[in-house]
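In case you want the letters, here they are:
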Amino acid sequence: GLAVGMGVGQVLLVLLAASTVMPVKDPLLNTCMDAKHHKTKPGPEGMLHDQCAPWKDNACCTANTSSEAHKDQSNLYNFNWNHCGLMPPKCKRHFIQDMCLYECSPNLGPWIDQVDSSWRRERILHVPLCKEDCEEWWEDCKDYVTCKENWHKGWNWATGTNRCPWGSMCRPFSHVFPRPKDLCEKIWSNSYKYTTEHRGSGRCIQMWFDPAQGNPNVVVAKYYAWKKRSSPAWTENVTPETDKAACTLPWAVLVLLPLALVVVPEGAGGCGSHGWGSL
C-alpha cells in the first residue's frame, strides 16, 4: 500500500534528478529572432561598433551589422534617415540605438511575433520601453522633420532607397508625433509600447544602458516571460503539450527503468493509460 507507493515515489525522484542534469532551455529567454541579419543564437561579439558595444558580451548581431547600423545609407535596409533634410546627430543617435537594440538584443524573446514577410519571419511587438528612453528620443528629435508617421511601410522605393511618398509633406516631428508615446508606438508599427515604468525598475526594456552595470534587460525579459506563461491564453495553448511532456520520460529514466520496475507494483498508474500502466 502506502509504503510501497512512497518507495516508488522516491525511486522515481532519484531517477528524475539523474535525468535533469541538462537544464531545459527557455525559448523566450536569451534568444534571437528569425529576421534579416540576426545570428541564430546569441553569443559574445568582442568587436561590436560604437553604440552597439553594450551588447558585446552576448549579442544577436555581428560586428559587421553593428557598423552598418551607424551608416547614413546602411546596407542593412537601404534606409535613408535624411528623407526630409539632414537628421541632426542628437536625434540620429536614438535611431542608431534603436537599431542596435533590435539587431543585437538577446532579451526580446517575450515580444517576438510571427510575421509573413519577404525579409523576416519574426518581428517584435509591444516591447515595453522605459519612459526615459522614449521621452529622450522624442525630445532630441522633436525639431527634425519627417513626412510619415509609420516608417515601416508606404515609402516610395523607386530609386532603391526610401523617399517621401507622392503628395506627402515634410512636417515637424512634433506635429507628426505630438507626444513621446506617438513616436515610440507608431514609428515602427507598434514594435514598442510606451510605459510609465522607469529605467532600472526591472519592468521595462532600456535602449540605453551602461554595460559596466550589466545588461538590465535580462531581468525584464525573465519577468515578462514568467508573466506570459501565467496568462490564461498561454496556459490554454501549452497545457496539452506540457501534459505530454510530463509523460514522456527522459532517457536516463528509460535506461534505469528496469530498476524501477522491480519496485513498482503492477498497475500502479499515473499519466493516464499512456503512462506507467501501459508499459
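Note that the coordinates shown come from a computational prediction; the quantities given were computed from them, not determined experimentally. (Residues numbered from 1 in each chain as written. Predicted model: local features only at pLDDT ≥ 70, side-chain atom pairs only at ≥ 80, totals over all residues. Heavy atoms only, no water.)

Peer 1: Is there a simple way to explain the packing of helix 3 (residues 89-104) against helix 4 (residues 131-141) in this structure?
Peer 2: Angle between the axes and distance between the axes: these two values describe a pair of packed helices. At a minimum axis distance of 7 Å, the contact between helix 3 and helix 4 shows a crossing angle of 145°. Remark: the crossing between helix 3 and helix 4 carries left-handed chirality. Contact residues: helix 3 offers K90, C91, R93, H94, F95 and D98, while helix 4 offers E136, W137, D140 and C141. Here the contact of helix 3 with helix 4 is built from residues that sort into 4 nonpolar, 1 polar and 5 charged. (Axes fitted to C-alpha atoms, helices over the stretch in contact; angles between N-to-C directions. Helix = DSSP H or I, 4+ residues; strand = E, 2+ residues; numbered from the N terminus. Left-handed = near helix turned anticlockwise from the far one by under 90°. Contact = heavy atoms within 4.5 Å. Nonpolar A, V, L, I, M, F, W, Y, C, P; charged D, E, K, R; others polar.)

Peer 1: How do you make sense of the pattern of salt bridges when you look at a structure like this?
Peer 2: Opposite charge on two side chains allows them to pair when their charged atoms are near. Under the definition given, this model contains 10 salt bridges. D133 is the partner of R199 in a salt bridge, and the nearest nitrogen-oxygen pair spans 2.6 Å. On the criterion of sequence distance, the pair formed by R199 in the loop between strand 6 (192-194) and helix 7 (217-229) and D133 in helix 4 is long-range, its members being 66 residues apart. Under the relative-accessibility criterion, D133 is labelled buried at 0%. Linked through salt bridges whose partners overlap, the residues forming this network are E149, R179, D182 and K186. (Salt bridge = Lys/Arg side-chain N within 4 Å of Asp/Glu carboxyl O. Buried < 20%, exposed > 50% of the residue type's maximum accessible area, 1.4 Å probe, protein only.)

Peer 1: Can you walk me through the environment of R229 in this structure?
Peer 2: By the secondary structure assignment, R229 is in helix 7. Between the C-alpha atom of R229 and that of P110, which follows or precedes it by 119 residues, the distance is 9.7 Å.

Peer 1: How do you make sense of the nonpolar core when you look at a structure like this?
Peer 2: If you look at soluble globular proteins, the nonpolar side chains tend to sit buried side by side. F95, W137, W151, F173, I187, W188 and Y192 are the most contacted members of the largest nonpolar core, which has 51 residues in total. Of all the secondary-structure elements, those providing two or more residues to this core are helix 3, strand 3 (127-129), helix 4, helix 5 (173-176), helix 6 (180-186), strand 6 and helix 7. Here the element with the most residues in this core is helix 3; it accounts for 8 residues. Beyond its immediate stretch of four places on either side in the chain, Y192 contacts D98, L101, H126, V127, L129, W137, C184, E185 and M207. (Core = buried A, V, L, I, M, F, W, Y, C linked by side-chain atoms within 4.5 Å.)

Peer 1: I keep staring at the packing of aromatic side chains and nothing clicks. Help me out?
Peer 2: Given two aromatic rings, one states the distance between the centres and the angle between the planes to describe the pair. All chains considered together, the criterion is met by 19 aromatic pairs. Judged by centre distance (5.2 Å) and plane angle (40°), the rings of W81 and F95 are tilted. Within this pair, whereas W81 is found in the loop between helix 2 (63-68) and helix 3, its partner F95 is found in helix 3, the two being separated by 14 residues in sequence. We classify W81 as buried; its relative accessible area is 3%. Taken together, a centroid distance of 5.7 Å and an interplanar angle of 50° make the contact between Y144 and F173 tilted. (Phe/Tyr/Trp six-rings, centres within 6.5 Å; stacked < 30°, edge-to-face > 60°.)

Peer 1: Would you explain the environment of C61 in this entry?
Peer 2: Residue position: C61 is located in the loop between helix 1 (2-19) and helix 2. Since its relative accessible area comes to 0%, C61 is described here as buried. With 21 residues separating them along the chain, C61 and T40 place their C-alpha atoms 9.5 Å apart. Residues in contact with C61, not counting those within four places in the same chain, are K39, E45, L48, E103 and C104.

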